[in-house]
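Next come the chains, spelled out residue by residue.
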There are 2 protein chains.
Amino acid sequence: MRYPDRRNYVVARPLYSENSFNQEHEKVHRYHTTFIDHLVVFFSCTKDKAKRMLFTFLPILSWLPAYPFKEWLLSDVVSGLSTGLIAVLQGLAFALLVYIPPGYGLYAAFFPVLTYFVLGTSKHISVGPFPVLSLMVGTAALRLVPNDGSVGSLGNNTFPADLSEEEQRVLAAASITVLAGIFQLALGICRVGFLVIYLSDPLVSGYTTAAAVHVFVSQLKFVLGLNVPGIGGILSLFKTLEKIFTQITQTNIADLVASIIIMVCVFVFKEINDRYKSKLPVPIPIEVIMTIIACGLSYAFSFDTRFDMQIIGNITKGFQTPVTPSPDIFQEVVADAFSISIVAFAVAYSVAKVYSMKHDYVINGSQELIAFGISNIFSGCFRGFASSTALSRSAVQESTGGKTQIAGLISAMLVLIVIVAIGFLLEPLPKSVLGALVLVNLKGMLMQVTEIPRLYKKDRFDCMVWVMSFVVVIILGLDLGLAAAVGFELLTIVFRTQFPRCRVLGNIKGTDIYRDRKDYLDIYEPEGVKIFRCQAPIFFANIDFFREKLITAVGFNPIRILRKRNKALRKIKKLWKKGELEITQKGMISCTILNNIDTDDEIDNRNIEELDQPTDTTELPFQIDWNAELPANIRVPPVDFHSIILDFAAVSFLDYSAMKGIKSILKEFIRINVDMYIVDCDIELLEKLERCQFFDDEITNSIFFLTAHDAVLNILEKHDPTNHQCIHMADGMSIISAVDAPHELKERMREKWDNITKHHDNPLLVLAFEQHKNGKSLKRKR
Amino acid sequence: MRYPDRRNYVVARPLYSENSFNQEHEKVHRYHTTFIDHLVVFFSCTKDKAKRMLFTFLPILSWLPAYPFKEWLLSDVVSGLSTGLIAVLQGLAFALLVYIPPGYGLYAAFFPVLTYFVLGTSKHISVGPFPVLSLMVGTAALRLVPNDGSVGSLGNNTFPADLSEEEQRVLAAASITVLAGIFQLALGICRVGFLVIYLSDPLVSGYTTAAAVHVFVSQLKFVLGLNVPGIGGILSLFKTLEKIFTQITQTNIADLVASIIIMVCVFVFKEINDRYKSKLPVPIPIEVIMTIIACGLSYAFSFDTRFDMQIIGNITKGFQTPVTPSPDIFQEVVADAFSISIVAFAVAYSVAKVYSMKHDYVINGSQELIAFGISNIFSGCFRGFASSTALSRSAVQESTGGKTQIAGLISAMLVLIVIVAIGFLLEPLPKSVLGALVLVNLKGMLMQVTEIPRLYKKDRFDCMVWVMSFVVVIILGLDLGLAAAVGFELLTIVFRTQFPRCRVLGNIKGTDIYRDRKDYLDIYEPEGVKIFRCQAPIFFANIDFFREKLITAVGFNPIRILRKRNKALRKIKKLWKKGELEITQKGMISCTILNNIDTDDEIDNRNIEELDQPTDTTELPFQIDWNAELPANIRVPPVDFHSIILDFAAVSFLDYSAMKGIKSILKEFIRINVDMYIVDCDIELLEKLERCQFFDDEITNSIFFLTAHDAVLNILEKHDPTNHQCIHMADGMSIISAVDAPHELKERMREKWDNITKHHDNPLLVLAFEQHKNGKSLKRKR
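Residues numbered from 1 in each chain as written. Chains lettered and ligands numbered in written order. Predicted model: local features only at pLDDT ≥ 70, side-chain atom pairs only at ≥ 80, totals over all residues. Heavy atoms only, no water.

A.B. asks: Whenever I open this one, the environment of Arg 393 of chain B confuses me. Can you help?
C.D. replies: Residue and element names in this part refer to chain B. Tracing the sequence through the fold places Arg 393 in helix 17 (residues 391–399). The exposure class of Arg 393 is buried, given its relative accessible area of 1%. It is 21 Å that separates the C-alpha atoms of Arg 393 and Gly 138, two residues lying 255 residues apart in sequence. In this structure Arg 393 touches Thr 83, Ile 86, Ala 87, Gln 90, Phe 94, Ser 126, Val 127, Gly 128 and Pro 129, once residues within four positions along its chain are discounted. Within the structure, Arg 393 has its side chain in polar contact with the backbone oxygen of Pro 129 (distance 3.1 Å). (Helix = DSSP H or I, 4+ residues; strand = E, 2+ residues; numbered from the N terminus. Buried < 20%, exposed > 50% of the residue type's maximum accessible area, 1.4 Å probe, protein only. Contact = heavy atoms within 4.5 Å. Polar contact = N/O pair within 3.5 Å; in protein donor to acceptor, adjacent residues only side chain to side chain.)

Encoded structure:
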């Protein structure tokens, strides 16, 4: 009565095992498409399909003809121009990360855009160099062509003899880029773009933060004006820092001052841009302004000669001849190229996804892979280096009103103009200015560190993934680190399910609800029944844990009981053969002679397997009650229950080890006469078990019941044959056999019903699930 | 009536949401032990604990004092002698895999046994060299000290100048062994022995099979009497095979014939041993017999000079001085040593587990790690190489009656005798004989290939793990291959849950059971309600898939509907301000002017986020029925249902990405006025969601219901306010509000009940869940 507004409901339904349920409810036969079907569909060709494929492969065909020139062209041009200015600067700056002359960065900002314009499905990302990628290419190129004068990992004979060290590195970077493109293209054609899903948000965040640290350190030398050779491989970060600190006294003050001024200005104006976003028609292009000022001052005051500052120097006008990538290089950089291809795609895809969600259009992962693959191959052949998208540049393109890739094309045109015509104007620009621009742009990535406390609160495992990704990338570098981070991330998925919460459930009195018996006071555990729930899929990593927990919950190890029973049985058989046993009226054994029996007889090693077989009493003309006192000092631990219910609701899959393990657990319990039931098992799983010959003489598929309640009622009926109906009536959970429901019982039920319906406040009172002699109360003090 | 024996049951209980359930059923406050608690327990010290720790660290203290000398000593000695003979031979043979003189193999078979005797917890495994491990050590040692005359990866200056190449390799192998031991010791002290669980059965099986192939190929040169340098690294298997085939014409026929004879004899006698296992008191020691014969013949006929066969040659009598492992070597072999330590432990532990299960005693994973760690450090310091256990040797020890590690000690004594006294007798033994013995012993491992078809039938993923482990180990070698195989195995766990089966459920008529609507004919989907079940945990790899599937099931994308509604709302507001709208009686809008409205008005980019906010109709004095016809050509797709139920029974965990994803999905639906419910959610998960601030103004924890049925009834009551009671009565699922149950209804219920109980055959007839005007039947043709 405490809850006058509570609503009740009644369910009256048959008690269902899976088998009886399937008998009553006809199952629709569903045709499952096989692998062959998929192949047939995949290779069938119709006119429509060909057209669809063409449109998929060349997305430009679908959007360009419908382009509303009048409405969109202007904003695309404005956006393209703003983006183009940034692209030029970033191209120059990021080329420093590849340890090649800055001019080549312009190629990386130009070529890929052309192909992406035709092939890409995202309308808003700005394709071109990305600092992390540039550093990855640079590290690999540096291993092939070191800049400290030593011999690279390729030996001396790979490159034509007349190439300078920097030209060799350009070749190496181009080859790496082409190989990464080939990987992307292959992944795209195999339609495995979904693999990028394994790069979860915490992983990408940790990875890019660590990558930003790497980029930061690699740019320090430009900012400080030091001459530190690039270092690759494990611990390269620390080695580079060491070199920088040993040389720190030689810092070029002019470089440092220029960098600091640039950084402060850009930083302040970016904050202003952010704060007055809504009021400014176009963000202030502070980077471009600072670059122009720096260029002008450097030219006017000859920074390079006066202050000994490193300047960009000669930017080759126009384009250079395409190069053939070298297969020798391919062999050496397979691993690097693979991680570059994955990182490039992951970064671009995640940025593209954000804008596609915002502007509500569809991007196609596989097509994006193909687009980036071809772009990188194309760009690599023309001496560019690996491209993806930079978040900051894409943000500019979108926020200045870019509607389609037309904006991207315009920005590429601007880069083209710089390349062919006005590049020489940038020649006096000090490298320290470019370095400073890179550093400022890292702010966003470095600030991701603030995610750690938030993640820690939300999910420890995700926090661990972040921290581990960060640490391994800092230590192992960008490529190996990525592999290690992904490995660790996959491990956390296993971790999460490796120690699943296993619960012993009890019935909430008067309902069909089963909950953890430790969680509630008014909970009822039917006597002789254990209901065990494992809150995770079961597979090789937790099947032993599952077994252990079940044994703990049950309180004994079934195999031990079985062995003891079998040993006892041997003795009993021996006694019986000797005629020393007397059979009592009930068909049980009792003892005649109490002494003179070897209690510790040695079991032959070779027969130890026999002890694991079911207790075989067929020879004996009597039955053995293992829980009763046995004759002749034979002791077998009593088993105080008769049924175990395994709740499989959360078991979303079982692997082969788990199936084997569960089969053996079921067998062991069944052999000591404990009935096993599995409830709430997924249909697929059940079908799989049948397919895999999980069932045999001992384990049949009749152990499956629909719910724990069905199984419990079935058990109570079976193990409490004399007075179960009344008890269950009194408990409010009625179970009535169709055949033998006596008249009195029906009368009692009717009375109950009358009582229920008469009651005005609460017409369907829940019948109380009272304690009865078979039940035990679990009232516990806190 | 078709099922006269079927039993029915009735549940009458309140309709529960999680909140109302928790109000009625007091939850016990459980104290969860924190990390600090664990630390306190871990660092607390009592007398008992100290004693227990001592016994744990020195298992010998617990079993040796209780050793029944009279009964067990004899069988231990017999078993020890048989095992010792095999140990000597295997020691010599496996040393060939390390590319060091066979005599050192005896050290590997002697030293580790001594420490394991004191520290080990398994009573039946025979500690000593294992072919796969030996090959792993050999591969690493060979990289450091190549045997083709080139400079190893360490350079020239690591070893004292006066050491021969083989002595250098012995030093290298010893250092690797010590480092592997240190890793094992560290893992043991950190109690992370459970990590070995990640090596699932299919992985270990595939790995050892591939390793057996490696061992096979590495022994071919001895069997053929060829002089092939050892090759390590990626693809070494194929490179070695290439070398062997280019030299195959130089085969030493004498070696080949001797090997074939040995192999055939040993093979045949092993089969006999197997077949007549029960009749033979002790297996025929055929390997020992063949070795003695070969030794004798070789000595008598001077095989080495006459047939140019390679013989073992000088076996140093006694022991050599211990060595200090070199830190320079440690640096180079970290990865190798780590994989060696893992493989060594995994093999030993899996064998030990088999025997501990069989003989029913407990082995302690962490203590085993410590025991093997110390054994390897000890053995490495005395120029032994990494040891574990060989399955074949352990089988001999156990089957010949070994009861405890006393047998192991006896076998070590036999090895000791060979080392200090009679080793010289083995000097004339041809290496080809040892090679042949290794090859024959590989049979068991190679035969594991037969598991593939069985695995394929049982579980595709496990089969893939087997095949991949095999392939990557063949290609990448034993160390890198192991890492790749583990990585792939972890990936399969993610695979299994990456594309979970998502189902739309319907009600099985007349019950509280919900099943896949496609599976059954007599299934009922309440109108306006979707019940969606995801059969897997949800995490970063499948949250997008979950979202997609839900949207497919629902038939529309909520965010699109929301945006369209918001756009429409802007127009309506504009119209309303202009006074062009007329409000009808019901408070809905209707249109006055049909033309003159800009249908395609451009949305400002900067305001696009506003479209994702809830539709804000507070300013308007009327309500909008979005499913009705809207005025002025404004079109919003109709949403034809009002509630979605997510069944979370199988969602065993959610990571941060999934929480974010689900929150946004819930929000999107709630914002277009679709009620969301989550049912069958695990309590832990619910608590976690509360902890992580999952709930806010829009998403409250009142969306959680105990079962799908509770949620459905709640929804029907809410959305069918006029006649729900009668309908539900007629449907057999009664839901009655406490307040307003009319007299007539109660009468009807009573009649029903009378009918039920009067019926003789089936006292609790299930009331049919008939179609009514609100439901739609899902009768489908096949």
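A.B. asks: Sorry if this is basic, but what is going on with unusual backbone geometry here?
C.D. replies: Trans is the common state for peptide bonds, and a negative phi is the common state for residues other than glycine. Residues and elements named next belong to chain A. Here the phi dihedral of Asp 308 falls at roughly 60°; this positive angle occurs in a residue that is not glycine. Within the secondary structure, Asp 308 sits in the loop between helix 13 (303–306) and helix 14 (327–332). Even without being a glycine, Asp 680 presents a positive backbone phi close to 60°. Following the sequence through the fold, Asp 680 ends up in the loop between strand 11 (675–679) and helix 27 (683–691).

A.B. asks: Teacher, can you tell me more about a nonpolar patch on the surface here?
C.D. replies: Residues and elements named next belong to chain A. Among the surface-exposed residues, Ile 234, Leu 235, Phe 238, Val 467, Val 471, Ile 475 and Leu 480 lie close enough to one another that they form a single nonpolar patch of about 530 Å² accessible area. Here the nonpolar patch takes three residues from helix 22 (residues 460–476), the largest share from any one element. By secondary structure assignment, the location of Val 467 is in helix 22. With a relative accessible area of 33%, Val 467 lands in the partly exposed category. (Patch = residues over 30% accessible without salt bridge, like charges linked within 9 Å, V, L, I, M, F, W, Y side chains within 5 Å. Areas by Shrake-Rupley, 256 points an atom, 1.4 Å probe, with all protein chains shown as cover. Salt bridge = Lys/Arg side-chain N within 4 Å of Asp/Glu carboxyl O.)

A.B. asks: So what exactly am I meant to see when it comes to the packing of helix 5 (residues 69–97) of chain B against helix 6 (residues 103–119) of chain B here?
C.D. replies: Two quantities define a packed helix pair, namely the angle between the helix axes and the distance between the axes. Residues and elements named next belong to chain B. The N-to-C vectors of helix 5 and helix 6 enclose an angle of 125°; their axes lie 7 Å apart at closest approach. With respect to helix 6, the element helix 5 is oriented oblique. When the axes of helix 5 and helix 6 are compared, the crossing they make is right-handed. On helix 6, the residues touching Ala 87, Val 88, Gly 91, Leu 92 and Ala 95 of helix 5 are Gly 103, Gly 105, Leu 106 and Ala 109. (Axes fitted to C-alpha atoms, helices over the stretch in contact; angles between N-to-C directions. Parallel < 35°, antiparallel > 145°, perpendicular 65-115°, else oblique. Left-handed = near helix turned anticlockwise from the far one by under 90°.)

A.B. asks: Whenever I open this one, the pattern of salt bridges confuses me. Can you help?
C.D. replies: A side chain with one charge may pair with a side chain of the opposite charge, provided their charged atoms come close. Taken as a whole and assessed by the stated rule, the structure comprises 42 salt bridges over all chains. The residue Glu 287 of chain B makes a salt bridge to Lys 270 of chain B at a minimum N-O spacing of 3.5 Å. With a gap of 17 residues between them, Glu 287 of chain B in helix 12 (residues 286–301) and Lys 270 of chain B in helix 11 (residues 253–275) connect regions that are remote in the sequence. Within this structure, Arg 501, Arg 503 and Asp 516 of chain A together with Asp 682 and Glu 684 of chain B form a network of salt bridges that share partners.

A.B. asks: Sorry if this is basic, but what is going on with the pairing of strand 6 (residues 523–526) of chain A here?
C.D. replies: In regular strands, side chains alternate between the two faces of the sheet. Residues and elements named next belong to chain A. A two-sided burial pattern is seen for strand 6, the buried positions comprising Ile 523 and Glu 525 on one face and Tyr 524 and Pro 526 on the other. Of the pairings in the sheet, the one linking strand 4 (residues 502–508) to strand 6 comprises two bridges and is antiparallel in character. Following the sheet pairing, Asn 507 is matched in strand 6 by Tyr 524. (Pairing = 2+ DSSP bridges.)

A.B. asks: Please clarify how the environment of Phe 303 of chain A should be interpreted in this entry.
C.D. replies: Residues and elements named next belong to chain A. Here Phe 303 is to be found in helix 13. According to the relative accessible area criterion, Phe 303 is buried, its value standing at 15%. C-alpha separation for the pair Phe 303 and Ala 337, spaced 34 residues apart in sequence, amounts to 38 Å. Setting aside its immediate chain neighbours within four residues, Phe 303 contacts Leu 297, Ser 298, Asp 308, Met 309 and Pro 430.

A.B. asks: Is there a simple way to explain the packing of helix 6 of chain B against helix 18 (residues 405–422) of chain B in this structure?
C.D. replies: All names here are of chain B. In contact at an axis separation of 9 Å, helix 6 and helix 18 are set at 145° when each is read in the N-to-C sense. When the axes of helix 6 and helix 18 are compared, the crossing they make is left-handed. Counting all contacts with helix 6, which are made through Leu 106, Tyr 107, Ala 109, Phe 110, Val 113, Leu 114, Tyr 116 and Phe 117, the residues of helix 18 involved are Gln 405, Ile 406, Gly 408, Leu 409, Ala 412, Met 413, Val 415, Leu 416, Val 418 and Ile 419. Each residue belonging to the contact of helix 6 with helix 18 can be placed in one class, and the counts come to 16 nonpolar, two polar and no charged. (Nonpolar A, V, L, I, M, F, W, Y, C, P; charged D, E, K, R; others polar.)

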